[in-house]
Amino acid sequence: MMKDSSTQRTTVVVVGGGQAGLSASHQLCKYGIDHVVLERSKRFHSWKKDRWDSFCLVTPNWQCRLPEWHYRGDDPNGYMAKDDIVDYLEGFANSFQPPIQEGVRVTGVDRCSDGKILINTSETRWIADFVILATGSYDLQLKPDFAKNLNPDIVQVSSKSYKNPSDIPDGTCLVIGTGQSGVQMMEDLWIEGRDVRLSVGSAPRSPRIYRGRDATDWLYEIGEYSKTIEQQPDPKQTEAKTNHYLSGRNGGHEIDLREFALKGLKLYGTVSNFDDDRIFFEPNLEENLDRADESYLKICRMIDDYIESEGIDAPEKPIFTKKWKPSNETESLDMTKEGITSVLWCTGFKPDYSWLKIDCLDKRGRPIHRRGITHEYGVYFLGLNWLNTWGSGRFLSVAEDAEFLVNDIKRKHKPVGSLQNFSVSF
């Protein structure tokens, strides 16, 4: 129910008050374009509440490049911890005082009969010429249907709700998923001396320091981060890829699961089913470890080729070895007998656009756009992974994407005009 049934008007409504939404607001303020930012919680809520306590960036601090608010600390090659990230973001917001309304949930975005955009919220309704949807990609936990078959006595924990090892019940914890969250939460439990095991998925891994520099520094210099989604061999496959896993913890390091296995961590293939106390795995552990290594080595080769082609004086490349390989593949376990009392789901998320009534999503529920501009006049997306480049969903390139969208709005916005001449090809 709306507390206030009045209708307010503005040129642009920005939905979402995270780094993407406020980057758009910064550009709109710069050009004097009337707008409001609607945030369902508090600004930067996900950074403050949805990350675990030991969270830190996996990209160097110098890549924090929000609009006119680049990293200003004394450790550009370090990796900011959670509280420092929040301070960086709050400093950015305070640098220009965005017109943000917090605690306002958007319940519907639809088209008015005159072509304007109607934004219904928990507080009031807005009529706008343009809307920028900057709500991110991490609304709904991806979890297989068979999760409901698990014995209810075994505690299921979402990666979004995990904060520290004390959130995990006594006993053995099975971490499911090896994206960035999965491997870092596993390591969090491991460091604490907890009994933890890991179901290994198909996520790729990356070197951290390679031939004297952070791998991401090399990739930036090579130009990999400036390549657009349209320049990728298979854009849809690239868009759906899981991020490479590595860590910025304690100065940064790479994560080799084979090394953890040598130290005693029990690894399994992908979880395929539950039947009360019994858990089943795909016999693909070695395949998934090999696939992660292939990605690692591809990055290394890319850097090696660049060093050679440019004649750069760099340390010799190290010899790569597989430190461990499974002697057999475990296909099922009795969780009670194994002492497994909890499952930590690190299987990713997807956005929730159930409130979006304007038809600009594909059959998979993903936005149809070109660099954030949809075929629906006035509707934009911002902050998505691979919106345009690798850095679009990160601090590195969201400012460029925001500027691009706001310039498009600036070009189209006229006090009096018609929608008839608008078209975009996909």
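The structure under discussion appears in the preceding block.
Here's what I pulled together on the structure shown here. Starting afresh in each chain, residues are numbered from 1 along the sequence in its written order. Owing to the predicted nature of the model, reporting of local features is limited to residues with pLDDT of at least 70; listing and counting of side-chain atom pairs is limited to 80 or more, with chain, interface and lining totals taken over all residues. The side-chain values count all of the structure's non-hydrogen atoms but skip hydrogen atoms and water molecules.

### Overview of the overall build of the protein
The criterion, for reference: Put simply, DSSP marks the helices as runs of H or I at least four residues long and the strands as runs of E at least two long, and each gets a number from the N terminus on. Only the C-alpha atoms count toward the radius of gyration. The rule for a globule is 2.2 Å times the residue count to the power 0.38. Burial classification: accessible surface area is computed with a 1.4 Å probe over protein chains only, and a residue below 20% of its type maximum counts as buried, one above 50% as exposed, and the rest as partly exposed. Any two residues whose heavy atoms approach within 4.5 Å are treated as being in contact. All accessible areas in this document rest on Shrake-Rupley with a 1.4 Å probe, and a residue is counted as covered only by the protein chains that are shown. The charge count includes Lys and Arg as positive and Asp and Glu as negative, but it does not include His or the ends of the chains. Every charge is mapped onto a representative atom, which is NZ of Lys, CZ of Arg, CG of Asp or CD of Glu.
A tally of helices and strands in the protein yields ten helices and 21 strands. For 426 residues, the compact-globule formula gives about 22 Å, and the C-alpha radius of gyration of the protein, at 23 Å, lands near that figure. Reported as C-alpha extents along the three principal axes, the dimensions of the protein are approximately 70 × 60 × 40 Å. Relative to its 426 residues, the protein shows a buried fraction of 51%. Considering only intrachain contacts with a sequence separation of at least 6, the fraction spanning at least 24 residues in the protein is 72%. In the form shown here, the protein has an accessible surface area of approximately 20,200 Å², with 46% of it arising from carbon and sulfur atoms. Within the protein, the 63 negative side-chain charges are centred at a point lying 4 Å from the centre of the 54 positive side-chain charges.

### Details of a negative patch on the surface
To keep things clear, this is the line we draw: Only residues whose relative accessible area exceeds 30% and that take part in no salt bridge are eligible for patches, with like-charged residues grouped when within 9 Å of each other and nonpolar side chains (Val, Leu, Ile, Met, Phe, Trp, Tyr) grouped when within 5 Å. Salt bridges, as used here, are contacts in which a Lys or Arg side-chain nitrogen is within 4 Å of a carboxyl oxygen on Asp or Glu.
Taken together, Asp53, Asp83, Asp84, Asp87 and Asp167 make up a surface patch of like negative charges. Counting through the fold element by element, Asp83 comes out in helix H3 (residues 82–94).

### A short note on the sheet that holds strand S12 (residues 196–199)
The line we're drawing: At least two DSSP bridges between two strands are needed for those strands to be called paired. Only the stretch in contact is used when a helix axis is fitted, and all axes are lines through C-alpha atoms; the angle between N-to-C directions ranges over 0 to 180 degrees.
Ordered in space as S10-S19-S11-S12-S15, the five strands form an open sheet in which the pairing is parallel. Looking at the sheet topology across the chains shown, the edges are occupied by strand S10 (155–158) and strand S15 (266–268). Ignoring strand direction, the axes of neighbouring strands in this sheet form an average angle of 25 degrees. As paired strands, S12 and S15 are joined by three bridges and run parallel to one another. The partner of Arg197 across the bridge, within S15, is Lys266.

### Comments concerning the pattern of salt bridges
Scanning the model with the defined rule gives 28 salt bridges in all. When the shortest N-O distance is used, the salt bridge between Glu338 and Arg197 registers 2.7 Å. Of this pair, Glu338 sits in helix H9 (residues 335–338) while Arg197 is found in strand S12, placing the two residues 141 residues apart along the sequence. Taking relative accessible area as the criterion, Glu338 reaches 27% and is therefore assigned partly exposed. Residue Arg197 is classed as buried on the basis of its relative accessible area of 6%. Linked by salt bridges that have partners in common, Arg205, Glu254, Asp256, Arg258, Asp290, Asp293 and Lys322 make up one network.

### Focus on the packing of aromatic side chains
Aromatic rings considered in pairs are described by the distance between their centres and by the relative angle of their planes. Rules: Ring pairs shown here join Phe, Tyr and Trp side chains whose ring centres sit within 6.5 Å, with only the six-membered ring taken for Trp; geometry is labelled stacked below 30 degrees between planes, edge-to-face above 60, and tilted in between. Whether a charge sits over a ring depends on NZ of Lys or CZ of Arg being within 6 Å of the ring centre and within 35 degrees of the ring normal.
Using the criterion set out here, one finds 18 aromatic pairs in the structure. Linked through ring pairs, Trp47, Trp52, Phe55, Tyr88 and Phe395 together constitute an aromatic cluster. Note that Arg205 overlies the ring of Tyr296, its terminal NZ or CZ placed 4.1 Å from the centroid. One residue, Arg213, lies across the ring of Trp218, its end atom 4.5 Å from the ring centre.

### Things to note about the sheet that holds strand S16 (residues 271–275)
Sheets are built from strands that pair by backbone hydrogen bonding, the pairs being arranged parallel or antiparallel. Reading across the sheet, the three strands line up as S16-S17-S18 and stay open at both edges, with antiparallel pairing between neighbours. Taken across any chain shown, the strands that pair with only one partner, and hence form the sheet edges, are S16 and strand S18 (332–334). When strand polarity is set aside, the average angle formed by the axes of neighbouring strands in this sheet is 20 degrees. Of the pairings in the sheet, the one linking strand S17 (residues 278–281) to S18 comprises three bridges and is antiparallel in character.

### Quick look at the nonpolar core
Put simply, the rule reads: To qualify as a nonpolar core, a set must consist of buried Ala, Val, Leu, Ile, Met, Phe, Trp, Tyr and Cys residues joined through side-chain atoms within 4.5 Å.
Counting 86 residues, the largest nonpolar core has Ile119 and Leu257 as the members making the most contacts within it. Ignoring sequence-local partners within four residues, the contact set of Ile119 consists of Val13, Leu38, Val106, Gly108, Val109, Thr124, Arg125, Trp126, Ala128 and Val131.

### Thoughts on the environment of Trp52
For Trp52, the position within the fold is in the loop between helix H2 (45–49) and strand S3 (65–66). The spacing of Trp52 and Gly212 is 160 residues in sequence and 30 Å in space, taken between C-alpha atoms. For Trp52, the contacting residues outside a window of four places in its chain are Lys82, Tyr162, Lys163, Ser181, Gln184, Met185 and Asp188.

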